[in-house]
Each structure stands twice: as structure tokens, then as C-alpha cells.
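Coordinates in review
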Amino acid sequence: MRKLILSFVFFVLLFSLIIVSCKKKDSDVGVTQYQIKTPFDSTLIQTFFTVHPKLKKYQPDVEKLYRKHQFHYIWYNNNRVNEFGNLLHSKLSNLAEEGIQDAVPYKDELDQLYEYLDISQNSNIEPELLHSALYFFYTDKVYHGLNTKKSIAMEWYLPRKKQSYGTYLDSLLIDPTLINKEEKGVISQYFLLKNTLKKYRQIEQKGGWKTITIDNKVKSFELGDSSNTIAQIRARLFISGDLSKDSKSVLYDKELAAGILKYKNRRGNTADTKILPEHIKDMNIPVGKRIKTLIVNMERCRWISNEITKSKELIAINIPAYQLTYFRDGTPELRSNVVVGKVMNQTVIFSAPMKSIVFSPYWNIPKSILVKEILPGIEENANYLEEHNMEWHGNYVRQKPGPENSLGLIKFLFPNSNAIYLHDTPAKSLFNKEDRAFSHGCIRVEKPIELATQILKNDKEWNEQRIREAMNSGEEKWYTLKNKIPVYIGYFTAWADDKGEIHFYEDIYNRDNELAALLFIK
């Protein structure tokens, strides 16, 4: 009988241990309900950052956060880490997906919190503060990016977003899905580039694409040509998604021609099917380098204010793409090729509100051009001014209105310290070139009439006929816009279109390497 009782007691104890063990596994990081409802000692924040110096940068943010919450726990619900805490852990574990090269400080410590769960601990302020500090680390790296001083040093003068990430956290704790939306974090372009980054990393993991052999004797390939190089090009375009299949044919057929057109469109090349050595050289850029370009441009997305998405009208110019886009209510209504500043006279990256349009404008020649070009011309030719329809006006020279005016027949003004504006041009042939960095800094627009028509679309005083008449009147006329339109001049060497197709552009001002050097510091 005694043996039977002892056996019964043994099994009861064993069953109790199993239940306790299971409860430990089912529980999240240990904080009791009492702790959640009771404020913690504020001096523990200083202690935490003394022990975690790599996160010291975020101490002011954490202190401000908990003062707002009166030093209560915010990462726990019913003794468990809340939904957003788990999501934050996942995001930090996959930080490379955001194009971030930095290691997560104290990541092992955070991982252990989720791996070894013990609700019996009485003091768990460190897990609480670690979540908060790493939240600010995450928003700093993923949403804010490099500090403003560094972006300005790289001549990026577009306004940076001003976001309270402490206030944002309150929203995320209620609705964690907001972390994947652009309203508070980053613009939608960031997510499109992120998707492309994932695709290109998968390509890299599979070995990337092979280098295409270039036959120096061949100047170009056209439809109907046959060559082993054609088969290599076909394989390359299949990997990048420009061809739906790889037939391995050495014949340049219509199927390959369609792939070439798609590839050229993504590169801003002339839309023809001729394959030149420079196109093959471009195809040979390793996938690893393309990945770096994507990461660099994801960083630039972090520097764009979310306010841009709220504009009813917007004019955006991407310098490397040589393209202007006019948006109304977030929808692109007009796209136009542009000519931008040459390397020695780079177009500045900035924004300003467009306030007026000038029809049949005079061109007030800048002093730098006057000294370098006009005055030497006058010395060589006494009739220089007359031959170029110019005149002295006070102490400077201006070109009279007319079809040969360097500004064309219309200009669009958004006053700024850089003296940059949009304008028409008599040199229309430049828009047919692939590389269009020819100006002294201002931006020449291929479709100025269409742009003016869009801008004045809801203005009853104007229609296309009146616009054309004003442009050709030979008499300068200023018109102040009833609504100012923000103009953003940016610099993106990788950009995904509305369909998610990635476009790569030449880094005409050599800005990518400088930024990459900061992002890829070892």
C-alpha cells in the first residue's frame, strides 16, 4: 500500500513539473501584470544605457517616450510581449531586406528574450527598454536614414521629413500593419525598390548573369543576325526578366527584339532594336553592382518628405532620367523629356513652389555667361548682339523674345537662390539624344505647351489656343498662378515605375559612389 501511495505522489509531482514547464514555454518575456500597471523607476533608463552604450544615441528619445507614458511598460499585454513587439523583432531579424548594412546592436540579447522565456523573473525592465531603444534604432536606420548634415554635404537640398517616431510608435502599438505603409514611414517608391532588391538578391544567389563576350569586330547586331553573342544576350535578358523564356537561339529574332526594347526602355536608351557594344557593356554590369545601386536609392527615398504625396499638383524632375512628370491628385498626367545641367554646371537637387509663367520671355543673361561667352563674342564681332537678337539693358545684356531666344517661347518660375527654372528651347534636336546634360543648370522642357496646358487646365482665363498666342506674341507677359505648384528636382539612378519595372540610369554627376561609401562602411 505504501509503495502505491509513493508511486501516486511521484506521478503527481511529475505531472506538476510538466505543467509548469509548458506554462514557461507558452509565456512571452516575463513581466507580471503587476509590473505592467505599476510605473518603474525612471533612473533605470540611465542604468540601461550605461550597460548598452551602442544605443546611447537613442537615450533622449527613450526618456521622452516614457515621460509621455509616465514610466509605464508599453511593450506588454497580459504578461506577454504585444503584437508589435513581435513584429519589431521580426523586422530587426530581417534588416538586410531594407538595404541596411549595419548590425543590430545587442541582437543576441533580444533573440534570447524570445528563445528563453521565463515568467518567474521579477525585474524585467531591461527587455522593456531594449525594445524601445531598438525601435528608435530601426526607425532611424529604415525611415530617417543618414543625418541631414551628411545629405546636405552631398548637395541634397530637398526638405527632409520631420517625423516624431515616439508619436508614431503609439499608432504602431494600436495597428502594427502601419509599419508597411507610406503614410508615416517612407514613400511608396521605397517599397518598390525593396521588392526589386529581393528579386536581384535571388538572382545573385543563383549565380547572377554571365559576362557576355564582346566581339570587337562587330559594330552592332540587328534583326536577322546570327552569333553566339546573341545567345548570350538572350540568356542575360531572360535572367533579368526582359524575356519570358530562353530559347538559346543564336538568331536575332523578333522575340529577342521585344526583349531588347524592354531592356532599353528600362535604361532610358533610344527605342530601337539595334544592339551596340555599349549596350552589351551595360548588360555586363554585375548584379552585385545593381544591388548596391538599389540600396543607394532606397536611402535617397528615406530623404523624401511624405508631404510630397499630399500635394494636389506636383512637378517632379529626375535628373539622371532626364524626365519631368506632372502629377495631379497623385496621378501622372504628363511626362516630358528634359535637358539638365552638364557636369560643370550641375542642376541643383532642391524644391520650391512654382509661382508664375512667363510667355515670350526675355533672357537676362547671367553674369558668368556674359563674361565667358558674350563679351568675348562682342570683341570678335561688332555685330554679335544684333545677330543674336540681344541688347544691352542697363548694365547687363538680354536676349529679346522670339523663336531663337535661348529660353524658347515660355518659362516657368519657382523663385530660388540657385536661379534655376524650367523653360522651352529652340534646340529641339537635343531631346533626341540619350545623354541630355547640356545646359548651364536650368531645365529645358521638350513639351512646354503641354505642361502649360496642364498647369492652367482649371484656370478659365486660359486654354491651349491662348497659351500658343501668348507664347508667339513677341511681347513678354507674366502670369501669376492662382495656386502654387511644388517642384521637386531629385536624383535617382534606380526607379521603379507604376508596374514595378525597375529602371537604371547613368550616374551622370557621379553621386552614387560617395553615398555608397557611407552606407557600406565596414
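Here goes a summary of the coordinates provided.

What follows deals with the overall build of the chain. When helices and strands are counted, the chain shows 19 helices and 16 strands. At 31 Å, the chain has a C-alpha radius of gyration far larger than the 24 Å of a compact globule built from 522 residues. Its C-alpha atoms give the chain principal-axis dimensions of about 125 × 60 × 45 Å. Residue burial in the chain is summarised as follows: out of 522 residues, 47% are buried. Considering only intrachain contacts with a sequence separation of at least 6, the fraction spanning at least 24 residues in the chain is 69%. Counting every atom, the chain has about 27,500 Å² of accessible surface; 53% of that belongs to carbon and sulfur. For the chain, the distance from the average site of its 73 positive side-chain charges to the average site of its 63 negative ones is 4 Å.

What follows concerns helix H4 (residues 59–68). Residues of H4 that are buried: Gln59, Val62, Leu65 and Tyr66. One side of H4 holds all its buried residues, which, seen down the axis, span an arc of 125°. In this structure, H4 carries Pro60, Lys64 and Arg67 as exposed residues pointing more than 90 degrees from its buried face. In this structure, the buried residues of H4 make contact with helix H3 (43–51), helix H7 (125–144) and helix H9 (165–174). Looking one or two residues past H4, Gln70 carries a phi angle of roughly 55°, positive in sign.

What follows is about the packing of helix H14 (residues 287–302) against helix H19 (residues 512–519). Direction vectors running N to C along H14 and H19 enclose 85°, while the axes themselves pass 10 Å from each other. Viewed along their axes, H14 and H19 adopt a mutual orientation that is roughly perpendicular. Packed against H14, whose contacting residues are Thr293, Ile295, Val296, Glu299 and Arg300, the element H19 presents Asp512, Leu515, Ala516 and Leu519 at the interface. Tallied by class, the residues present in the contact of H14 with H19 amount to five nonpolar, one polar and three charged.

Once that is clear, we can look at the side chain of Arg267. On the secondary structure map, Arg267 appears in helix H12 (residues 254–267). A relative accessible area of 9% means that Arg267 is categorised as buried. Residues contacting Arg267, with those up to four places away along its chain left out, are Asp282, Arg290, Phe504, Tyr505 and Glu506.

Once that is clear, we can look at the sheet that holds strand S8 (residues 390–393). Pairing in this open sheet of three strands is antiparallel, and the strands run S7-S9-S8 from one edge to the other. The outermost strands of the open sheet, each flanked by one partner alone, are strand S7 (363–364) and S8. For S7 and strand S9 (residues 396–399), the ladder comprises two bridges, and the chain directions are antiparallel. Looking at S9, one finds that Trp363 is bridged to Gln399.

Grouped together as the largest cluster of nonpolar side chains are 129 residues, with contacts concentrated most on Ile315, Leu422 and Ile455. In terms of residue count, the dominant contributor to this core is H7 (11 residues). Counting residues in hydrophobic clusters, the runner-up holds 14 residues, among them Phe221, Ile233, Tyr252 and Ile260.

This part takes up the packing of aromatic side chains. This structure, assessed with the given rule, holds 22 aromatic pairs. Aromatic pair Phe40 and Tyr66: ring centres 5.2 Å apart, planes at 75°, arrangement edge-to-face. Taken together, the residues span a long stretch of sequence, with Phe40 in the loop between helix H2 (33–37) and H3 and Tyr66 in helix H4 at a distance of 26 residues. With respect to burial, Phe40 and Tyr66 carry one shared label: buried. Centroid distance Trp156 to Phe492: 5.9 Å. Interplanar angle 85°. Geometry classified as edge-to-face. In this pair, Trp156 is assigned in the loop between helix H8 (148–153) and H9 and Phe492 in the loop between strand S14 (477–490) and strand S15 (494–496), connecting sequence segments 336 residues apart. Assigned by exposure class, Trp156 and Phe492 land together as buried. Here a set of aromatic residues connected by ring pairs shows up, and it is made of Phe40, Tyr66, Phe71, Tyr73 and Tyr76. Between the NZ or CZ atom of Lys292 and the centre of the ring of Phe520, over which it lies, the distance is 5.0 Å. Between Arg466 and the ring centre of Trp462, over which it is positioned, the NZ or CZ distance is 4.6 Å.

Residue Glu155 is not a glycine yet carries a positive backbone phi of 60°. Position of Glu155 among the secondary structure elements: in the loop between H8 and H9. Here the phi dihedral of Asp329 falls at roughly 55°; this positive angle occurs in a residue that is not glycine. Tracing the backbone through its elements, the reader meets Asp329 in the loop between strand S4 (323–328) and strand S5 (331–341).

Two elements in contact, helix H11 (residues 228–239) and H12, have axes separated by 11 Å at closest approach and are oriented at 55°. When the axes of H11 and H12 are compared, the pair comes out oblique. Taken as a pair, H11 and H12 cross one another with a handedness that is left-handed. Here H11 contributes Ile230, Ile233, Arg234, Arg236 and Leu237 to the contact with H12, which in turn contributes Glu255, Leu256, Gly259, Ile260 and Tyr263. For the contact of H11 with H12, the class distribution of residues is six nonpolar, one polar and three charged.

With that settled, the discussion passes to the pairing of strand S3 (residues 313–318). Within S3, five of the six residues are buried, which leaves the element mostly enclosed by the surrounding structure. Inspection of the sheet shows S3 paired to S4 by six bridges, in the antiparallel sense. Bridged to Glu313 within S4 is Arg328. Between S3 and S4, which pair antiparallel and follow one another directly, the connecting turn spans four residues, one of which, Tyr322, has a positive phi of 50°.

Turning next to the side chain of Thr425. Assignment of secondary structure puts Thr425 in the loop between strand S11 (422–423) and strand S12 (437–439). Residue classification places Thr425 among the buried residues on the basis of a relative accessible area of 3%. Within the structure, Thr425 has its side chain in polar contact with the backbone nitrogen of Ala427 (distance 3.0 Å). Setting aside its immediate chain neighbours within four residues, Thr425 contacts Ser406, Leu407, Gly408, Phe431 and Arg444.

What counts, and at which threshold
Residues numbered from 1 in each chain as written. Predicted model: local features only at pLDDT ≥ 70, side-chain atom pairs only at ≥ 80, totals over all residues. Heavy atoms only, no water. Helix = DSSP H or I, 4+ residues; strand = E, 2+ residues; numbered from the N terminus. Rg over C-alpha atoms; globule rule 2.2 N^0.38 Å. Buried < 20%, exposed > 50% of the residue type's maximum accessible area, 1.4 Å probe, protein only. Contact = heavy atoms within 4.5 Å. Areas by Shrake-Rupley, 256 points an atom, 1.4 Å probe, with all protein chains shown as cover. Lys, Arg positive; Asp, Glu negative; His and termini not counted. Charge placed at Lys NZ, Arg CZ, Asp CG, Glu CD. Arc of directions from axis to C-beta. Axes fitted to C-alpha atoms, helices over the stretch in contact; angles between N-to-C directions. Parallel < 35°, antiparallel > 145°, perpendicular 65-115°, else oblique. Nonpolar A, V, L, I, M, F, W, Y, C, P; charged D, E, K, R; others polar. Pairing = 2+ DSSP bridges. Core = buried A, V, L, I, M, F, W, Y, C linked by side-chain atoms within 4.5 Å. Phe/Tyr/Trp six-rings, centres within 6.5 Å; stacked < 30°, edge-to-face > 60°. Lys NZ or Arg CZ within 6 Å of the ring centre and 35° of its normal. Left-handed = near helix turned anticlockwise from the far one by under 90°. Polar contact = N/O pair within 3.5 Å; in protein donor to acceptor, adjacent residues only side chain to side chain.

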